[in-house]
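Each chain is listed here by its residues.
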2 protein chains.
Amino acid sequence: MESIKLRVPATTANVGPGFDIFAVSLKNLFDEIEIKKSQKEGISLHVSYPDDNYAIPVEIEKNTAGIAAKNLMNLFDIKNGLIINIKKDILPGSGLGTSGASAIGAVYRIRKLYSLGLSASKMIEIASQAEVITGGSPHADNVAGSLLGGFVLIKNHNPLDFIRLDVPSVPVVITGIKKSTQTTRPLIAKNYRLEDLKKQITAASQLVIGIIKGDLELIGKAINWDIISEPARATLIPGYYTLKSDLLKANALGVNISGGGSSIFTICKEENRQIIIKMIKSHFSKVGI
Amino acid sequence: MESIKLRVPATTANVGPGFDIFAVSLKNLFDEIEIKKSQKEGISLHVSYPDDNYAIPVEIEKNTAGIAAKNLMNLFDIKNGLIINIKKDILPGSGLGTSGASAIGAVYRIRKLYSLGLSASKMIEIASQAEVITGGSPHADNVAGSLLGGFVLIKNHNPLDFIRLDVPSVPVVITGIKKSTQTTRPLIAKNYRLEDLKKQITAASQLVIGIIKGDLELIGKAINWDIISEPARATLIPGYYTLKSDLLKANALGVNISGGGSSIFTICKEENRQIIIKMIKSHFSKVGI
């Protein structure tokens with residue numbers, strides 16, 4: 001019986017100024033997903049994870065891999081049974097795209113298992129639908145990032161339209177922090193001042209130029225700015241702005257909050273990585289996280 | 001006596017979604033500026049133009065070339081006299097950067113005349129200061145576009161910081177329309193909805209990617225979107241949105257308003273240029289412009 005383990009990368013969405021629009025995939029952090037055909041009807045789902053921080057629903061209707069798998073099987077009218085095994089390494093509820101990784105991993109794997117003719121766009125669409133359960137709406141940023149790698153700009157959700165860019169090698173420090181069960185989306189402001197909007201457009205443009213040109217400092221400065229997600233998500237991270245300011249003083253190039261929070265991602269030069277890791281550890285041991 | 005005529009290109013600022021931030025220079029539309037040392041003290045300014053539409057103040061304090069020249073001479077404590085001759089081709093008051101072209105042209109020419117050690121940034125800064133008289137604040141987009149050519153992103157005004165990109169060859173139709181003396185800046189909204197902001201960021205990012213990749217269709221779609229300047233400036237162009245919609249149906253790739261208005265710039269494929277010119281002429285002859 002065919003069974004290949006698939007590694008699905010973590011992603012950081014927003015990437016500073018690109019709320020709901022930008023995502024990048026992370027190189028050394030991923031979940032594993034294995035999907036096999038089963039004689040038994042229906043889908044059975046098993047999730048393993050390194051520690052108690054990782055409790056994840058295994059009911060098909062509550063798990064993004066389960067939902068995506070079921071929708072895909074229905075779409076192609078496939079009646080066979082499936083066994084889905086997920087090995088989590090990406091901390092759930094931390095804004096690193098683990099639910100998206102599970103959803104797109106399942107779709108990608110089932111497509112292969114049944115040789116389904118599905119475009120990347122269609123795969124992203126199906127996986128996005130499964131994301132409704134976590135984000136309240138079908139967001140494509142994380143799933144597109146996981147599937148395509150590199151940097152993704154979601155131009156439109158319906159119909160799905162995106163641009164993918166290669167990303168230069170960027171040293172990143174990701175601090176996996178689980179947010180409370182409280183979703184922070186309602187904290188996001190609905191209205192913005194012209195002056196802030198101009199800065200957000202500038203930062204987003206800068207980020208894209210930095211990525212295409214491989215300019216680390218430009219990327220860093222660009223990801224530092226966000227008026228949409230960061231102010232809302234920072235409320236759940238003790239001492240976030242103090243830590244950010246300290247990290248920038250210690251030559252971090254850019255600091256912001258990953259996706260829906262509360263993980264912090266930091267871009268730096270390779271030679272500064274260790275000191276930055278140390279500072280972050282020290283900060284969170286002080287504030288008791 | 002040294003005297004070289006300098007051609008200073010017209011520019012279109014905003015370029016769709018980049019209000020006060022983006023500008024591109026135009027290839028086949030420019031003013032000429034000639035600056036000579038004079039035995040007579042002070043600055044004398046002469047402006048010639050093709051027709052009565054072009055009345056421009058020749059008082060030093062009211063003309064951007066005059067202001068920039070005076071400031072620059074003061075800065076370097078040069079007491080000599082100057083004769084400035086400007087031959088306008090760019091329609092003033094039409095949003096095509098003619099005041100910026102005059103200002104930066106003067107600065108560039110005087111720098112050469114006196115071998116002043118001025119960086120591009122410093123030249124842009126001095127010329128921007130002269131722009132206060134037209135825009136009410138020192139805006140650098142047009143002057144930077146005129147000086148540097150290609151596409152310019154103004155990252156910051158004080159201190160001045162910008163990025164310049166090469167621009168692929170893009171067929172453009174510019175319809176020079178003079179706006180009334182009324183400035184439209186006060187019509188620009190001060191607050192924006194989150195959903196519109198996201199679209200503006202998307203369009204700006206798309207534009208930058210389109211320019212770097214030389215993707216004409218991406219550029220066109222990107223410049224079509226603007227929630228800041230276009231709604232305000234469209235109020236002064238009779239039938240603007242009808243014309244825009246008609247042009248897009250006739251395969252124009254993108255249509256928007258240039259700078260502070262009221263000129264319209266249209267991006268198209270070369271083979272559609274003639275039909276687009278015909279449609280615009282027909283529209284404005286109907287509405288009586």
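Residues numbered from 1 in each chain as written. Chains lettered and ligands numbered in written order. Predicted model: local features only at pLDDT ≥ 70, side-chain atom pairs only at ≥ 80, totals over all residues. Heavy atoms only, no water.

### A look at the sheet that holds strand S9 (residues 254-257) of chain B
All names here are of chain B.
So, point 1. Overall, antiparallel pairing links the 3 strands, which are arranged S7-S10-S9 in an open sheet. Each end of this open sheet is capped by a strand with a single partner; those strands are strand S7 (172-175) and S9. Within this sheet the neighbouring strands show an average axis-to-axis angle of 15°, counted without direction.
So, point 2. Looking at chain direction, S9 and strand S10 (residues 264-267) are connected through 4 bridges and run antiparallel. Along S10, the bridge assignment pairs glycine 254 with isoleucine 267.
So, point 3. Against the sheet, helix H6 (residues 216-223) engages S9 and S10, with an angle of about 40° to S9. (Pairing = 2+ DSSP bridges. Helix = DSSP H or I, 4+ residues; strand = E, 2+ residues; numbered from the N terminus. Axes fitted to C-alpha atoms, helices over the stretch in contact; angles between N-to-C directions. Contact = heavy atoms within 4.5 Å.)

### Overview of the interface of chain B and chain A
So, point 1. Between chain B and chain A, the residue contacts involve 32 residues of the former and 32 residues of the latter.
So, point 2. Summing the contributions of chain B and of chain A, the shared interface buries around 2,700 Å²; its carbon and sulfur component is 78%.
So, point 3. The tally of links between chain B and chain A comes to 2 salt bridges.
So, point 4. Its salt-bridge partner being B:Lys198, residue A:Asp20 comes within 2.8 Å of it at the nearest N-O pair.
So, point 5. Linking chain B with chain A are 5 residue pairs in polar contact (both at pLDDT 80 or more).
So, point 6. Going through the elements one at a time, strand S2 (18-38), strand S5 (151-157), strand S6 (160-165), strand S8 (191-193) and helix H5 (194-213) of chain B are the ones with two or more residues in the side of chain B that touches chain A.
So, point 7. Here the element with the most residues in the side of chain B that touches chain A is H5(B); it accounts for 13 residues.
So, point 8. Its residues assigned to classes, the side of chain B that touches chain A shows 21 nonpolar, 5 polar and 6 charged. (Buried area = accessible area lost by both parts, 1.4 Å probe. Salt bridge = Lys/Arg side-chain N within 4 Å of Asp/Glu carboxyl O. Polar contact = N/O pair within 3.5 Å; in protein donor to acceptor, adjacent residues only side chain to side chain. Nonpolar A, V, L, I, M, F, W, Y, C, P; charged D, E, K, R; others polar.)

### Structural notes on the relation of the copies chain B and chain A
So, point 1. Overlay of chain B on chain A (RMSD 0.0 Å): rotation 180°, translation along the axis 0.0 Å. Here the copies are linked by what is in effect a two-fold axis.
So, point 2. A high fraction, 100%, of the interface residues of chain B reappear at the interface in chain A, so the copies pair face to face through one surface. (Least-squares fit on C-alpha atoms with pLDDT ≥ 70 in both.)

### Quick notes on the pairing of strand S4 (residues 81-87) of chain B
Residue and element names in this part refer to chain B.
So, point 1. Pairing between S2 and S4: 7 bridges, direction antiparallel. By the bridge assignment, glutamate 32 is partnered in S4 with lysine 87.
So, point 2. Assessed by its sense of winding, the connection that carries the chain from strand S3 (residues 43-48) through helix H1 (residues 64-75) to S4 is left-handed. (Right-handed = clockwise from strand over helix to strand, strands pointing away.)

### A closer look at the side chain of B:Ser229
Residues and elements named next belong to chain B.
So, point 1. Of note, serine 229 is situated in helix H7 (residues 229-233).
So, point 2. You can call serine 229 buried: its relative accessible area is 2%.
So, point 3. Only 2.7 Å separates the side chain of serine 229 from the side chain of arginine 233, close enough to count as a polar contact.
So, point 4. Not counting residues up to four positions away in its chain, the partners in contact with serine 229 are Asn14, Phe19, Ile188 and Gly259. (Buried < 20%, exposed > 50% of the residue type's maximum accessible area, 1.4 Å probe, protein only.)

### Notes on helix H9 (residues 273-286) of chain B
So, point 1. If you check H9(B), its first and last C-alpha atoms are 20 Å apart, about what 14 residues at 1.5 Å a residue would give, namely 20 Å.
So, point 2. Tucked inside the fold, the buried residues of H9(B) contact S7, helix H8 (240-249) and S10 of chain B. (Expected span 1.5 Å × (residues − 1).)

### Comments concerning the packing of helix H2 (residues 98-113) of chain B against helix H4 (residues 141-148) of chain B
Residues and elements named next belong to chain B.
So, point 1. Here H2 crosses H4 at 55°, and the two axes come no closer than 8 Å. In this view, H2 runs oblique relative to H4, as classed from their interaxial angle. Pair H2 / H4 crosses with right-handed handedness. Listed contacts from H4 to Gly100, Ala101, Ala103, Ile104 and Tyr108 of H2 are Val143, Ser146 and Leu147.
So, point 2. Class assignment for the residues of the contact of H2 with H4 results in 6 nonpolar, 2 polar and no charged. (Parallel < 35°, antiparallel > 145°, perpendicular 65-115°, else oblique. Left-handed = near helix turned anticlockwise from the far one by under 90°.)

### Things to note about the sheet that holds strand S9 (residues 254-257) of chain A
All names here are of chain A.
So, point 1. Reading across from one edge, S7-S10-S9 is the order of the 3 strands in this open sheet, with antiparallel pairing throughout. Taken across any chain shown, the strands that pair with only one partner, and hence form the sheet edges, are strand S7 (172-175) and S9. Strand-to-strand twist across the sheet, computed as the mean angle between neighbouring axes with direction ignored, equals 15°.
So, point 2. With 4 bridges joining them, S7 and strand S10 (residues 264-267) adopt antiparallel strand pairing. The residue of S10 that forms the bridge with valine 172 is isoleucine 267.
So, point 3. Helix H6 (residues 216-223) contacts S9 and S10 of the sheet and is inclined by roughly 40° relative to S9.

### Digging into the UniProt feature "domain: GHMP kinase C-terminal" (unreviewed entry) in chain A
So, point 1. What UniProt calls "domain: GHMP kinase C-terminal" (unreviewed entry) maps, in this numbering, to residues 210-285 of chain A.
So, point 2. Secondary structure across residues 210-285 of chain A comprises 53% helix and 11% strand; the distance between its end C-alpha atoms is 34 Å. (UniProt positions renumbered as here; feature names shortened; annotations may be inferred.)

### Digging into the packing of aromatic side chains
So, point 1. A complete count under the given rule lists 4 aromatic pairs over all chains for this structure.
So, point 2. Both rings, one in A:Tyr240 and one in A:Tyr241, keep their centres 5.0 Å apart while their planes meet at 70°; by these two values the pair is edge-to-face.
So, point 3. One residue, B:Lys37, lies across the ring of B:Tyr114, its end atom 4.6 Å from the ring centre. (Phe/Tyr/Trp six-rings, centres within 6.5 Å; stacked < 30°, edge-to-face > 60°. Lys NZ or Arg CZ within 6 Å of the ring centre and 35° of its normal.)

### Concerning the packing of H5(B) against H6(B)
Between two packed helices, the angle of one axis relative to the other and the distance separating the axes together describe the packing.
Residues and elements named next belong to chain B.
So, point 1. In the contact formed by H5 and H6, the axes pass within 8 Å of each other and the chain directions differ by 155°. If you check the angle between H5 and H6, you find them roughly antiparallel. The chirality of how H5 crosses H6 is left-handed. Across the interface between the two elements, Ala203, Gln206, Leu207, Ile209, Gly210 and Ile211 of H5 pack against Leu218, Ile219, Lys221, Ala222 and Ile223 of H6.
So, point 2. Tallied by class, the residues present in the contact of H5 with H6 amount to 8 nonpolar, 2 polar and 1 charged.

### Some thoughts on H2(B)
So, point 1. With 16 residues, H2(B) extends 22 Å between its outermost C-alpha atoms, agreeing within 8% with the 22 Å of an ideal straight helix rising 1.5 Å per residue.
So, point 2. Among the 16 residues in H2(B), 13 count as buried, and that is most of the element.

### Description of the domain arrangement of chain A
All names here are of chain A.
So, point 1. The domain boundaries assigned to chain A delineate domain 1 (5-165) and domain 2 (172-286).
So, point 2. In this structure, domain 1 and domain 2 have C-alpha centres spaced 24 Å apart.
So, point 3. Taken residue by residue, the interface counts 21 residues in domain 1 and 30 residues in domain 2.
So, point 4. The contact between domain 1 and domain 2 buries some 1,900 Å² in all, and 64% of this surface belongs to carbon and sulfur atoms. (Domains from an automatic or database assignment.)

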